[in-house]
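# Descriptive analysis of the structure
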Amino acid sequence: MAKDEVKRLEPELLESKKRLQILLLPKDPNDAKNVVLEIRAGAGGDEAALFVGELFRLYQRYLERQGWKVDLLSANPTGIGGFKEIIAEVTGTNVYSRLKFEGGVHRVQRVPATEAQGRIHTSTVTVAIMPEAEEVDVTINPADLRIDVFRSGGAGGQGVNTTDSAVRITHNPSGLVVVCQDERSQHKNKDQAMKILRSRLYELEREKAAKATADQRKSMVGTGDRSERIRTYNFPQGRLTDHRIGLTLYQLGDVMEGHIDEIINGLQNHYQMEALKAQGMAGA
């Protein structure tokens, strides 16, 4: 009976040991933070702009299932229903821990509706996932800021703002510029612009720290750099491929509805195993 029990418990012991090793890994101090999500059109013109909107919708669906709140901070629409840029704040429990590997270049391959010859076009969209920075995380000297207010642009009609409510904030030391004009209140636009600026400055500091400790980044899944192509959405084949972990799914329709847990779980598991190997604990 004892031998049978040992045989039954050995797999549980190995699994418990693995869980314990993962728990002992150094925690990312940003994992519990909310995030600022930025999606921008890259190469591909109108197709890229359209995919910005579709990718944002994908994330909205996923975030709703997590019970997280999404607040649109800024959007720059194009005339064809796409967007040059969408910026949103995501608040909830451990948001950054789930979204941090989404940053990078997302490539889309499909036949545009305007393509008469049926040729597949390749476009790109960049995604940035920035931990939301509190005032204690980033110190901004008001003297370093140039704040301009102007009248919001619009398509005409009743939606045009007739007051100077749009806000442009320029951070002189870094050269960063943030524009917010979606709200009718100048005060709200300024608050949102400062939130974006604070997160971008925090991200710059994180990138500097990462470059200073380049050896430690070998245990990461990619660098998270925005120039790095991380994923391809191939519509003719209904295929999604995450290039960092070699994961391919032929369920692109489900993915575009926000079913991305399998991808996120795969990335987290891969990162954890790489971190264990870096510390010499994997297979121990």
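Below you will find a few notes about this structure. Note that this is a predicted model, so its numbers are computed, not measured.

Criteria and thresholds
- Residues numbered from 1 in each chain as written.
- Predicted model: local features only at pLDDT ≥ 70, side-chain atom pairs only at ≥ 80, totals over all residues.
- Heavy atoms only, no water.
- Salt bridge = Lys/Arg side-chain N within 4 Å of Asp/Glu carboxyl O.
- Helix = DSSP H or I, 4+ residues; strand = E, 2+ residues; numbered from the N terminus.
- Buried < 20%, exposed > 50% of the residue type's maximum accessible area, 1.4 Å probe, protein only.
- Expected span 1.5 Å × (residues − 1).
- Core = buried A, V, L, I, M, F, W, Y, C linked by side-chain atoms within 4.5 Å.
- Contact = heavy atoms within 4.5 Å.
- Pairing = 2+ DSSP bridges.
- Phe/Tyr/Trp six-rings, centres within 6.5 Å; stacked < 30°, edge-to-face > 60°.
- Axes fitted to C-alpha atoms, helices over the stretch in contact; angles between N-to-C directions.

Evaluation of the coordinates by the stated rule reveals 15 salt bridges. Among the ionic pairs, E102 bridges to R231, the shortest N-O distance being 2.7 Å. In this pair, E102 sits in the loop between α3 (95–99) and β4 (104–110) while R231 sits in strand β9 (residues 229–234), placing the two residues 129 residues apart along the sequence. Per residue, the accessibility class of E102 equals that of R231, and both read buried. Through salt bridges that share partners, E38, R40, E85 and R200 make up one connected network.

Looking now at helix α2 (residues 46–66). Here α2 spans 31 Å end to end across 21 residues, near enough to the 30 Å set by a 1.5 Å rise per residue. Looking at the residues trailing α2, positive phi occurs at G67, about 80°.

Moving on, we come to the nonpolar core. Generally speaking, nonpolar side chains in soluble globular proteins are found buried as a group. Core analysis: the biggest nonpolar cluster contains 37 residues, and I39, L55, Y59 and Y233 have the highest contact counts within it. The element best represented in this core is α2, accounting for eight residues.

On the secondary structure map, D71 appears in strand β2 (residues 69–77). The contact partners of D71, leaving out residues within four places of it in the chain, are A88 and E89.

A few words on the pairing of strand β3 (residues 83–91). In terms of burial, β3 is largely enclosed, as seven of its nine residues are buried. Bridging between strand β1 (residues 35–41) and β3 involves six bridges; their strand directions are antiparallel. From the neighbouring strand, I39 faces β3, where its bridge partner is I86. Two elements, β2 and β3, share eight bridges in a ladder whose sense is antiparallel. Bridge pairing in β3 links N76 to E85. Counted between consecutive antiparallel strands, the loop separating β2 from β3 contains five residues, among which G81 sits at a positive phi close to 95°.

This part takes up the packing of aromatic side chains. With the rule as written, the count across this model stands at four aromatic pairs. Aromatic side chains Y62 and W68 sit 6.3 Å apart centroid to centroid with 85° between the ring planes, which places their arrangement in the edge-to-face category. Of the two residues examined, Y62 and W68, each falls in the buried class. Seen from their ring centres, F101 and Y271 are 5.8 Å apart, and the 50° between their planes marks the pair as tilted. You can see F101 sitting in the loop between α3 and β4 and its partner Y271 sitting in helix α6 (residues 261–278), a full 170 residues away along the chain. Accessibility classification places F101 together with Y271 in one group, the buried group.

Pairing is antiparallel across the open sheet formed by three strands, whose spatial order is β6-β7-β8. Looking at strand neighbours, the two that pair on one side only are β6 (145–150) and β8 (176–180), the edges of this open sheet. Ignoring strand direction, the axes of neighbouring strands in this sheet form an average angle of 15°. Note: strand β7 (residues 166–171) against β8, five bridges, orientation antiparallel. Residue pairing for β8: H171 is matched across the bridge by L176.

In this section: the sheet that holds β2. If you walk across this open sheet you meet the eight strands as β2-β3-β1-β5-β4-β9-β10-β11, and the pairing is mixed. Of all the strands in the sheet, the pair left with one neighbour each is β2 and β11 (247–249). Each adjacent strand pair in this sheet contributes to an overall mean axis angle of 15°, direction not counted. Along the sheet, α2 contacts β1, β2, β3, β4, β5 (121–131) and β9; its crossing angle with β1, the most-contacted strand, is approximately 155°.

Quick look at the side chain of S123 now. Within the secondary structure, S123 sits in strand β5. Excluding residues that lie within four positions of it along the chain, S123 makes contacts with A43, G44, E47, A48, H106, R107 and V108.

By themselves, these are just geometric observations and shouldn't be taken as functional.
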